[in-house]
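These are the residues of each chain, in order.
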Amino acid sequence: MKINKKSPLPIYYQIQEMIRGKLESGEWPPGYMLPSERIFAEEFDVSRMTVRQAVTELVSEQLLTREKGKGTFVAEPKIEQMLQGLTSFTEDMKARGMKASSELQLFQMEEADVATARLLQLKGGSVYRMERLRLADNKPMALENSYLHAEMFPGLGEEAASGSIYKRLEQDYGITIGSADQSLEASLASEREAELLGIVPGAPVLLISRTTYTADGEPFEHVISSYRGDRYKFRIHMPR
Ligand code: 16G
């Protein structure tokens, strides 16, 4: 493709449109590494600054990602998640033809803090605390920190964390999952979250907090999850 230096369209814009074209046609698929700024600049006989300007805008639109010391890549498409309907991570991924898996970071029984005890309406003070990195097709998507009502699930072991916890609780403990209250807010990845999620510290994450109830209205889990802001998009249908 040629840059038209006589065109009234700014050069950086022409480069940007050329890149957009390659993304739309699939010629540059997700994960593709873009040529370096230097090569781009030589090819189009423009300054590196101009190339950088074109690329920076596409990075801020999240169509491209920059990885320190590696280069600029075509971004993976975001997973679009409907907010209606109470589903599990495993179900969500399955519905997309993706394989859900988990890496267990922590599983222990502990005393609930005041806020968690209140949310779970605990009489005894114990919860199972479970921290799991959730992966889709082996790529990290979210870090989940769950607190489960310990008295409701006696003998729950660490192996329960490897598959779908919802399925396990329904099958082995006979609960019917009924509803959830959920909030969603913007946040920034901490050092630890970033390392586990494969993003840079301070990158945007979506913080979701969910309290889930059985069909009888008993709260059984409270979960705080950080979802990768570059991989997730939530959608809701709002009839008026
Ligand atoms: C979802 C839920 C989480 C639940 C998990 C169960 C959020 C925002 N939502 O990720 O509350 O514990 O699904 O998934 O984290 P599983 O049945 O596949 O283990």
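Residues numbered from 1 in each chain as written. Predicted model: local features only at pLDDT ≥ 70, side-chain atom pairs only at ≥ 80, totals over all residues. Heavy atoms only, no water.

J.: Help me get a handle on the overall build of the protein chain, residues and values and all.
T.: Broken down by element type, the protein chain carries seven helices and ten strands. Here the C-alpha atoms of the protein chain give a radius of gyration of 23 Å, more than 25% beyond the 18 Å that 2.2 N^0.38 yields for 240 residues. For the protein chain, the spread of C-alpha atoms along the three principal axes comes to 75 × 40 × 30 Å. In the protein chain, buried positions account for 41% of the 240 residues. When contacts within the protein chain are restricted to residue pairs at least 6 apart in sequence, long-range pairs at least 24 apart make up 58% of them. With the model as given, the accessible surface of the protein chain reaches about 13,700 Å², and the carbon-plus-sulfur share is 51%. In the protein chain, 30 side chains carry a positive charge and 35 a negative one; their mean positions are 7 Å apart. (Helix = DSSP H or I, 4+ residues; strand = E, 2+ residues; numbered from the N terminus. Rg over C-alpha atoms; globule rule 2.2 N^0.38 Å. Buried < 20%, exposed > 50% of the residue type's maximum accessible area, 1.4 Å probe, protein only. Contact = heavy atoms within 4.5 Å. Areas by Shrake-Rupley, 256 points an atom, 1.4 Å probe, with all protein chains shown as cover. Lys, Arg positive; Asp, Glu negative; His and termini not counted. Charge placed at Lys NZ, Arg CZ, Asp CG, Glu CD.)

J.: Mind laying out the environment of Phe40, listing which residues take part and the relevant values?
T.: For Phe40, the position within the fold is in helix H2 (residues 37–44). On the accessibility criterion, Phe40 (4% relative accessible area) is buried.

J.: Any chance you could break down the UniProt feature "domain: HTH gntR-type" (unreviewed entry) in the protein chain for me, citing the residues and the numbers?
T.: The UniProt feature table records "domain: HTH gntR-type" (unreviewed entry) at residues 9–77. The span residues 9–77 shows a helical share of 52% and a strand share of 12%, and its end C-alpha atoms are spaced 29 Å apart. (UniProt positions renumbered as here; feature names shortened; annotations may be inferred.)

J.: Can you break down the packing of helix H1 (residues 11–25) against helix H3 (residues 48–60) residue by residue, with the values?
T.: H3 packs onto H1 with a crossing angle of 50 degrees between their chain directions and a minimal axis gap of 8 Å. Taken as axis vectors, H1 and H3 run oblique relative to one another. Judged by the twist between their axes, the crossing of H1 over H3 is right-handed. Along the contact surface, H1 presents Ile11, Tyr12, Ile15, Gln16, Ile19 and Arg20, while H3 presents Thr50, Val51, Gln53, Ala54, Val55, Glu57 and Leu58. For the contact of H1 with H3, the per-class residue count stands at eight nonpolar, three polar and two charged. (Axes fitted to C-alpha atoms, helices over the stretch in contact; angles between N-to-C directions. Parallel < 35°, antiparallel > 145°, perpendicular 65-115°, else oblique. Left-handed = near helix turned anticlockwise from the far one by under 90°. Nonpolar A, V, L, I, M, F, W, Y, C, P; charged D, E, K, R; others polar.)

J.: Explain a nonpolar patch on the surface to me, using residue names and the numbers behind them.
T.: Nonpolar side chains collect at one region of the surface, where Leu83, Leu184, Ile236 and Met238 lie side by side and expose about 380 Å² of accessible area between them. Here Leu83 shows up in the loop between strand E3 (79–82) and helix H4 (89–95). (Patch = residues over 30% accessible without salt bridge, like charges linked within 9 Å, V, L, I, M, F, W, Y side chains within 5 Å. Salt bridge = Lys/Arg side-chain N within 4 Å of Asp/Glu carboxyl O.)

J.: Summarise the nonpolar core; cite the residues concerned and give the values.
T.: Most often, soluble globular proteins keep nonpolar side chains buried together rather than apart. Among the nonpolar cores identified, the biggest contains 17 residues, and Ile15, Ile19, Phe40 and Leu64 are the most heavily contacted of them. Broken down by secondary-structure element, the contributors of at least two residues to this core are H1, H2 and H3. If near-sequence neighbours (up to four positions away) are discounted, Phe40 is found in contact with Met18, Ile19, Trp28, Leu34, Pro35 and Val51. (Core = buried A, V, L, I, M, F, W, Y, C linked by side-chain atoms within 4.5 Å.)

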